[in-house]
Amino acid sequence: MDVTRDIAATRRALAIPRARGDRIGLVPTMGALHAGHIELLATACQACDFSVATIFVNPTQFAADEDLAAYPRTPEQDYDVCRAAGIDLVFQPTAAEMYRPDASTTVTVAGLDRHLCGPHRPGHFVGVATVVAKLFQIVQPDAAYFGRKDYQQLAIIRRMVRDLDMPVDVVGCPTVREADGLALSSRNVYLSDEHRRQAAVIPAALRAVAERIAAGQTGVPDLTTLLADTLRSRGPLEIDYASIVDPDTLQPLETVAGPVVVAAAVRIGQTRLIDNLEVDPPATGD
Ligand code: PAF
């Protein structure tokens, strides 16, 4: 497994597999790799002839008051994880390599960032879309792999790829969960033992709503009340949002009349956690 730090070396390393006609897979990450990332890496390695992982804590997707400096960085462990998964190349650039001091081009996927995390993290999705567009330009993958836990990020990347005619298959991979249902996240390491126990309420609350939808309940106001009440049931936390939204537009819904995404973002102590479930209502039979 090669590790490259600059764009020119990355392009050189990719010239050979590309000339061979290899299917090239890309797994963009910010490192601190966990079992959720391993799922992405393994899926890429299985589906592609040559697989690239990127490790880059992208400063432009963090607001000034967010955890850029504290974000976990575990490069040596990450290389081992990538190697074990079968990754062929790790691209681990510096911020200076990725962004010229006078860089003035960004990618905005308008509309989809108005909901869910968008209002709580101004500028975040412009940072994500821009860095992912740059990674697509550098690696030129045939397919790229993202976790469904970051549902809004996945929706925004899919829309960017569609609107800008990028020749990349965007693959959404299932959320990997701990035994108690907590979605794996690099930020889980911030949780104290007590907060970690409390965090299990997030998947439990999402499941409680999914069960009601499966039982035929359609009124979103009551379902979101259930979601928020359940989230608060195991101790104090701050809810950024507890929402039921359309899977394509991410618009909040009034009624469940088709597939929906039940999504929540909460702050437990200093840690912000997000999760979602994609839910299909029961068939009506008409
Ligand atoms: O999901 C992440 O880890 C990041 O948002 C991504 C896609 C690697 C872009 O920096």
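The structure displayed is predicted, hence computed values, not measured ones.

On to the sheet that holds strand β6 (residues 169-173). Taken together, six strands build an open sheet; the order of strands is β1-β4-β3-β2-β5-β6 and the sheet is parallel. Unpaired on one side and paired on the other, β1 (2-4) and β6 mark the two borders of the sheet. Direction aside, neighbouring strands of the sheet carry axes that sit 25° apart on average. Of the strand pairs in this sheet, β1 and strand β4 (residues 89-91) are connected by three bridges, and their pairing is parallel. Across the sheet, residue V3 finds its bridge partner in β4, namely V90.

Bringing empty space enclosed by the protein into the picture now. Applying the stated rule across the entire model yields one cavity of 30 Å³ or more. Residue lining of the largest cavity: K149, L182, A183, S185, N188, I202, L273, I274 and D275, and that is the complete set. It is strand β9 (residues 271-279) that provides the largest number of residues to the lining of the largest cavity, a total of three residues. Classifying every residue of the lining of the largest cavity gives five nonpolar, two polar and two charged.

Attention now moves to the sheet that holds β9. One open sheet holds the three strands; their spatial order is β7-β8-β9, and the pairing between them is antiparallel. Of all strands in the sheet, those with a lone pairing partner are β7 (238-245) and β9, marking the two edges. Going from strand to strand, the sheet's axes swing by 10° on average, the running direction of each strand aside. Relative to strand β8 (residues 260-268), β7 is paired through seven bridges, and the arrangement is antiparallel.

Running from N to C, helix α5 (residues 124-139) and helix α6 (residues 151-163) cross one another at 55°; their axes reach a closest spacing of 10 Å. As far as their axial angle goes, α6 and α5 are oblique. For the pair α5 and α6, the crossing hand works out as right-handed. Residues F125, V128, A129, V132, A133 and F136 of α5 touch α6, and the partners they reach there are Q152, Q153, I156, I157, M160 and V161. Across the contact of α5 with α6, the residue classes break down as ten nonpolar, two polar and no charged.

For the rest of this paragraph, the subject is unusual backbone geometry. Of note, A32 is a non-glycine position whose phi angle comes to about 50°, a positive value. Counting through the fold element by element, A32 comes out in the loop between β2 (24-29) and α2 (35-47). Phi at L250 is positive, roughly 65°, even though this residue is not glycine. Of the residues examined, L250 reaches a relative accessible area of 0% and is grouped as buried.

This paragraph deals with the packing of α2 against helix α3 (residues 75-85). Helix packing geometry: the angle between the two helix axes and the distance between the axes. Interhelical geometry of α2 versus α3 gives an angle of 35° and a closest axis separation of 9 Å. Helix-helix and strand crossings are classified by hand; for α2 and α3 the assignment is right-handed. Listed contacts from α3 to I38, L41 and C45 of α2 are V81, C82 and A85. Residues of the contact of α2 with α3, tallied by class, amount to six nonpolar, no polar and no charged.

Residues in close proximity to the ligand include P28, T29, M30, N58, Q61, V131, F146 and Q153, which together make up its full environment. Take Q61: an N or O atom from its side chain is 2.6 Å from an oxygen atom of the ligand. In this structure, an oxygen atom belonging to the ligand sits 2.7 Å away from a side-chain N or O atom of Q153. Protein coverage of the free-state accessible area of the ligand, which is 290 Å², stands at 88%. Considering only residue class, the shell around the ligand consists of four nonpolar, four polar and no charged.

Turning our eyes to something else, we now look at the layout of surface pockets. There is about 310 Å³ of room inside the second largest pocket. Y99, A103, T105, T130 and K134 are, among the 16 residues lining the second largest pocket, the residues nearest its centre. Those elements giving two or more residues to the lining of the second largest pocket turn out to be α4 (95-98) and α5. Sorting elements by how many residues they give to the lining of the second largest pocket places α5 first, with five residues. For the lining of the second largest pocket, a count of residues per class yields six nonpolar, seven polar and three charged.

Scoring rules and cut-offs
Residues numbered from 1 in each chain as written. Predicted model: local features only at pLDDT ≥ 70, side-chain atom pairs only at ≥ 80, totals over all residues. Heavy atoms only, no water. Pairing = 2+ DSSP bridges. Helix = DSSP H or I, 4+ residues; strand = E, 2+ residues; numbered from the N terminus. Axes fitted to C-alpha atoms, helices over the stretch in contact; angles between N-to-C directions. 1 Å grid on protein atoms, 1.4 Å probe; cavity = no way out; pocket = protein on both sides within 12 Å on 5 of 7 lines; lining within 4 Å. Points joined across faces, edges and corners; volume = space filled by probe spheres on them. Nonpolar A, V, L, I, M, F, W, Y, C, P; charged D, E, K, R; others polar. Parallel < 35°, antiparallel > 145°, perpendicular 65-115°, else oblique. Left-handed = near helix turned anticlockwise from the far one by under 90°. Contact = heavy atoms within 4.5 Å. Buried < 20%, exposed > 50% of the residue type's maximum accessible area, 1.4 Å probe, protein only. Near = heavy atom within 4 Å. Polar contact = N/O pair within 3.5 Å; in protein donor to acceptor, adjacent residues only side chain to side chain. Areas by Shrake-Rupley, 256 points an atom, 1.4 Å probe, with all protein chains shown as cover.

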